[in-house]
Amino acid sequence: MGRLFLINLEGNFYSCKHCQTHFALDDDIISKAFHCRHGKAYLFDKVVNVTVGEKEERMMITGLHTVVDIFCVVCGSIVGWKYESAHEKTQKYKEGKFILERFKVLGPDGSLYLASQDAHVAGSDADDV
């Protein structure tokens, strides 16, 4: 397979809840107002130590988006998705940005997030745009 090079972040960061691989800095959060099937999700400007899946069209609350799922590079757990393109003009700001599902990552203080009972079952997205 080859040698795996990981980026270790300093400061307050989010990490994989299974293997503690670093993903993103708290300072790189754009919005905490997003939702996914398991509850809260955060929009990040930059994420490291992930691989991407296949592009797919996904209907979300705010319209149709082209996205790729993102996976932990160490353990392979799905941790969120990346917006490749948005079909609505008002959603273009999401392009190239990442969603980390809060249920699937550890917070900066090492805390887990428990899924809410009223999590969205349909398309995931922000509710503030």
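Everything numeric here is computed off the predicted structure, so don't read it as measured data. (Residues numbered from 1 in each chain as written. Predicted model: local features only at pLDDT ≥ 70, side-chain atom pairs only at ≥ 80, totals over all residues. Heavy atoms only, no water.)

**Considering the overall build of the chain**
Stated precisely, the cut-off is as follows: Helix numbering and strand numbering both begin at the N terminus, where a helix is a DSSP run of H or I of at least 4 residues and a strand a DSSP run of E of at least 2. Only protein chains enter the accessibility calculation, which uses a 1.4 Å probe. A residue is then buried if its area is under 20% of the maximum for its type, exposed if over 50%, and partly exposed in between. The contact rule is simple, with two residues in contact once any of their heavy atoms fall within 4.5 Å. The method behind every accessible area is Shrake-Rupley, applied with a 1.4 Å probe, and residues are considered shielded solely by the protein chains displayed.
Scanning the chain from terminus to terminus reveals zero helices and 11 strands. Listing each helix as α and each strand as β along the chain from the N terminus yields β-β-β-β-β-β-β-β-β-β-β. A total of 129 residues make up the chain; the buried ones form 43% of that total. The long-range share in the chain, meaning contacts at least 24 apart out of those at least 6 apart in sequence, stands at 51%. In the form shown here, the chain has an accessible surface area of approximately 7100 Å², with 51% of it arising from carbon and sulfur atoms.

**Structural notes on the nonpolar core**
For clarity, the threshold we go by: To qualify as a nonpolar core, a set must consist of buried Ala, Val, Leu, Ile, Met, Phe, Trp, Tyr and Cys residues joined through side-chain atoms within 4.5 Å.
Judged by nonpolar contacts, the single largest core of 14 residues is most densely connected at Y14, F23, F44, V47 and L100. Broken down by secondary-structure element, the contributors of at least two residues to this core are strand 1 (13-16), strand 2 (22-25), strand 4 (39-44), strand 7 (63-72) and strand 9 (98-101). F34, C36, V67 and Y83 belong to the second largest nonpolar core, which has nine residues in total.

**Examining the confidence of the model for the chain**
The line we're drawing: One confidence number per residue, pLDDT, is output by the predictor and ranges from 0 to 100.
For the chain, per-residue confidence averages 88 on the pLDDT scale, and residues scoring 70 or more make up 87% of the total. The weakest mean pLDDT in the chain belongs to strand 11 (residues 125-126) at 55; the strongest belongs to strand 2 at 98. When the criterion is pLDDT under 50, residues 117-123 qualifies, and its contacts beyond four places in sequence or with other chains add up to 13 contacts.

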